Amino acid sequence: QVQLVNSGGGLVQPGGSLRLSCAASGRTFSNYAMAWFRQAPGQEREFVARINWTGSTTFYGDSVKGRFTISRDNAKNTVYLQMNSLKPEDTAVYYCAAQRSYSGRYFSPSDYDYWGQGTQVTVSS
């Protein structure tokens, strides 16, 4: 079992930045692909970003491409989401997720095996 703990959310003005963290417990963390999803009120959970287990390959949702960056530090068992140029439409609960093995499926919540508890990001003036 892998436990994921989200942190770093908060209130920020449009155009601002936040860095989310996801700390993992588990001996096989470095072998897991990691992703971020978000869910706004009344909306489906949306794919944000993914990074493979080595950190060599990343994918981003169209709505965040060019503004958000996913990274990982396997030595610290942590994955990050750097969010820049934030917009009100980025307001959501952000979740980190882990995939145990490569499947070729990246973009659906059902593709992932473990989830953090989520952290609220609110972008408002």
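It should be noted that the structure appears before, not after, this text.
Conventions adopted
- Residues numbered from 1 in each chain as written.
- Predicted model: local features only at pLDDT ≥ 70, side-chain atom pairs only at ≥ 80, totals over all residues.
- Heavy atoms only, no water.
- Helix = DSSP H or I, 4+ residues; strand = E, 2+ residues; numbered from the N terminus.
- Buried < 20%, exposed > 50% of the residue type's maximum accessible area, 1.4 Å probe, protein only.
- Pairing = 2+ DSSP bridges.
- Axes fitted to C-alpha atoms, helices over the stretch in contact; angles between N-to-C directions.
- Salt bridge = Lys/Arg side-chain N within 4 Å of Asp/Glu carboxyl O.

A. Representation of unusual backbone geometry within the structure. A positive phi is found at Asn77, a non-glycine position, where the angle reads about 55°. Here Asn77 lies in the loop between strand S7 (68–73) and strand S8 (78–83). By relative accessible area, Asn77 is classed as partly exposed at 25%. The phi torsion at Ser85 lies on the positive side, around 50°, for a residue other than glycine. Counting through the fold element by element, Ser85 comes out in the loop between S8 and strand S9 (92–99).

B. A look at the sheet that holds strand S1 (residues 3–7). Pairing is antiparallel in the open sheet, where four strands are placed in the order S1-S3-S8-S7. Where the open sheet ends on each side, the last strands, each with one partner, are S1 and S7. Averaged over all neighbouring strand pairs, the angle between strand axes comes to 15°, with direction disregarded. Bridge count for S7 against S8 is six bridges, and the pairing is antiparallel. The partner of Ser71 across the bridge, within S8, is Tyr80.

C. Quick peek at the side chain of Thr119. Looking at where Thr119 falls in the secondary structure, it is placed in strand S11 (residues 119–123). For Thr119, a relative accessible area of 11% puts it in the buried group.

D. Main features of the pattern of salt bridges. Across all of its chains, the model carries six salt bridges by this definition. The salt bridge partner of Arg38 is Asp90, with a shortest N-O separation of 2.9 Å. With Arg38 in strand S4 (residues 33–39) and Asp90 in the loop between S8 and S9, the pair connects residues that are 52 residues apart, well separated along the chain. This pair shows no difference in class: Arg38 is buried, exactly as Asp90 is. Shared partners join several salt bridges into a network, and the residues in it are Arg38, Glu46, Arg67 and Asp90.

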